[in-house]
There are 2 protein chains.
Amino acid sequence: MSTSIDTQASDLPVNIGYIVYPGFQALDVFGPLDPLNMLSMEVPLNLSIIGPTLEPVSTKAPLVAPTVSPDFGQSIVPTHTFASPPKDLDVLIVPGGAGSAYPLELQQAQIDFVKEQYPKLKYLISVCTGASLLARAGVLDGKRATTTKAGWAWTTSTGPNVNWVPKARWVVDGNIWTTSGVAAGIDGIFAWISHVYGEERSLKIANTIELERHTDPSYDPFAEIWNVPTSVAAQAPAGQSA
Amino acid sequence: MSTSIDTQASDLPVNIGYIVYPGFQALDVFGPLDPLNMLSMEVPLNLSIIGPTLEPVSTKAPLVAPTVSPDFGQSIVPTHTFASPPKDLDVLIVPGGAGSAYPLELQQAQIDFVKEQYPKLKYLISVCTGASLLARAGVLDGKRATTTKAGWAWTTSTGPNVNWVPKARWVVDGNIWTTSGVAAGIDGIFAWISHVYGEERSLKIANTIELERHTDPSYDPFAEIWNVPTSVAAQAPAGQSA
């Protein structure tokens with residue numbers, strides 16, 4: 001907490017938490033985390049990686065049927081557990097991945113954690129099928145949201161009372177940001193950084209990591225590629241709600 | 001090693017190794033790894049994460065001067081060490097990051113490992129400032145290569161005998177693929193997957209993770225953004241050499 005001008009803006013989020021669970025999608029976590037790592041060099045931020053236990057958590061989902069590459073995966077190390085989370089989280093980010101489609105009882109700890117934390121958060125952000133955990137926690141009920149287009153049918157089935165937006169790179173409703181599949185999380189986090197910390201910081205980070213951002217939340221060629229059915233909700237524009 | 005048709009093509013690479021070291025850039029590792037995770041569901045692949053020790057390795061570089069966010073980072077768990085690497089690596093991928101610009105003596109283990117492994121590899125791939133480790137290992141001498149545009153001057157200074165290509169998303173010379181900064185590694189790995197396993201697999205993975213690839217190796221708006229000086233080498237086309 002040094003002389004950064006941002007410390008004077010006391011309403012800026014500081015404490016970021018990232019949920020992880022077995023079978024998380026690597027880029028759902030590290031796509032948004034990379035620009036946040038860069039942001040943390042200029043803005044005071046804390047990061048907690050919150051998992052089922054403090055044991056390393058693998059991208060490889062242990063219950064998936066044997067594949068041709070049974071051991072191909074990477075493990076990240078949690079700093080906290082769902083049972084002993086950090087205090088005063090401002091932002092919670094929820095990734096998707098094959099593990100999120102496991103039987104409901106294996107999701108319950110994550111779902112309960114989202115439900116418990118949401119009332120205290122400044123922002124809740126999901127990537128890809130991470131939206132299913134938000135939906136099952138009930139926090140998306142009556143809200144507009146999006147999720148992966150490749151796994152649209154299953155993920156949207158977890159939230160029958162959600163106004164799913166079928167063509168959107170990301171959707172903002174109140175303080176909940178939901179992004180489309182995997183790589184969309186990167187565009188989503190840049191849009192969020194622009195929104196919270198300013199476009200100048202966001203652009204600087206994007207140029208440093210040589211990323212050409214999609215800045216239009218309605219950009220979504222994948223809705224058509226994956227034959228996502230349009231609906232009444234499809235008429236609503238993507239992005240920030242009024 | 002089941003019935004995948006790919007097992008019949010015995011010259012396809014199987015054993016992939018990824019170097020990690022303190023202060024690696026998160027997306028340099030997990031950008032390429034995410035599509036490789038997807039590929040591993042269809043093609044028999046092994047992955048080794050190779051670090052200085054078996055202790056978790058953080059994106060946070062321990063020697064960097066104090067910042068406003070001293071603890072912001074994530075740790076990945078190595079499966080092997082430079083001293084006890086996996087046998088018979090086919091592919092070695094080398095990320096960049098702030099840690100690669102530390103004093104030379106802190107790079108020596110990584111440099112020696114690249115030098116030792118290169119003659120046995122089918123492919124050597126670098127992301128961002130990871131090219132400095134290849135350059136210092138001498139394996140880029142006389143070859144065409146590229147690297148981060150934001151850190152162009154320092155990285156190219158590590159390889160005075162390299163034909164650096166100042167405007168390129170990635171460059172292929174023989175069996176060495178060097179990619180530009182951070183996010184360019186994602187485009188580079190997709191180009192490599194197309195080259196080795198076919199465009200159909202590559203496109204399927206890209207659509208699943210909702211990534212619009214840059215498929216032109218000469219795409220590089222960042223060379224101009226970062227005022228990278230052009231040179232004689234700039235006249236050579238990017239991408240696959242003859």
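Refer to the preceding data block for the structure.
Residues numbered from 1 in each chain as written. Chains lettered and ligands numbered in written order. Predicted model: local features only at pLDDT ≥ 70, side-chain atom pairs only at ≥ 80, totals over all residues. Heavy atoms only, no water.

Chemist: Lay out the packing of helix 1 (residues 26-39) of chain B against helix 6 (residues 199-208) of chain B with the relevant residues and their values.
Modeler: Residues and elements named next belong to chain B. Viewed as axis vectors pointing N to C, helix 1 and helix 6 meet at an angle of 115°, and their least axial separation amounts to 10 Å. As the angle between them shows, helix 1 and helix 6 are arranged roughly perpendicular. As helix 1 packs across helix 6, the resulting crossing turns out to be right-handed. Here Pro35, Met38 and Leu39 of helix 1 lie close against helix 6, whose contacting residues are Arg201, Ile205 and Thr208. (Axes fitted to C-alpha atoms, helices over the stretch in contact; angles between N-to-C directions. Helix = DSSP H or I, 4+ residues; strand = E, 2+ residues; numbered from the N terminus. Parallel < 35°, antiparallel > 145°, perpendicular 65-115°, else oblique. Left-handed = near helix turned anticlockwise from the far one by under 90°. Contact = heavy atoms within 4.5 Å.)

Chemist: Outline helix 6 (residues 199-208) of chain A, supporting the account with residue identities and numerical values.
Modeler: Those residues of helix 6 of chain A that sit buried are Arg201, Ser202, Ile205, Ala206 and Asn207 of chain A. Close packing links the buried residues of helix 6 of chain A with helix 1 (26-39) and helix 5 (184-197) of chain A together with helix 7 (221-225) of chain B. Immediately beyond the C-terminal end of helix 6 of chain A, within one or two residues, lies glutamate 210 of chain A, with a positive phi of roughly 55°. (Buried < 20%, exposed > 50% of the residue type's maximum accessible area, 1.4 Å probe, protein only.)

Chemist: Can you tell me about the interface of chain A and chain B, naming the residues and giving the values?
Modeler: In many analyses, interface size is given as the accessible surface area lost on bringing the parts together. With 56 residues of chain A at the interface, the matching set in chain B holds 56 residues. Of the roughly 4300 Å² buried where chain A meets chain B, counting both sides, 60% is carbon and sulfur surface. Taken as a group, Val68, Phe72 and Glu210 of chain A account for 20% of the area that chain A buries against chain B, more than any other trio of residues on that side. Scanning the region where chain A abuts chain B turns up 0 salt bridges. Summed over the shared surface of chain A and chain B, the result is 32 residue pairs in polar contact (both at pLDDT 80 or more). For the side of chain A that touches chain B, the elements supplying multiple residues, two or more each, are helix 1, strand 2 (46-51), strand 4 (75-76), helix 6 and helix 7 (221-225) of chain A. In terms of residue count, helix 1 of chain A provides more of the side of chain A that touches chain B than any other element does, 9 residues in total. Its residues assigned to classes, the side of chain A that touches chain B shows 30 nonpolar, 19 polar and 7 charged. (Buried area = accessible area lost by both parts, 1.4 Å probe. Salt bridge = Lys/Arg side-chain N within 4 Å of Asp/Glu carboxyl O. Polar contact = N/O pair within 3.5 Å; in protein donor to acceptor, adjacent residues only side chain to side chain. Nonpolar A, V, L, I, M, F, W, Y, C, P; charged D, E, K, R; others polar.)

Read these as spatial facts, not as claims about activity.
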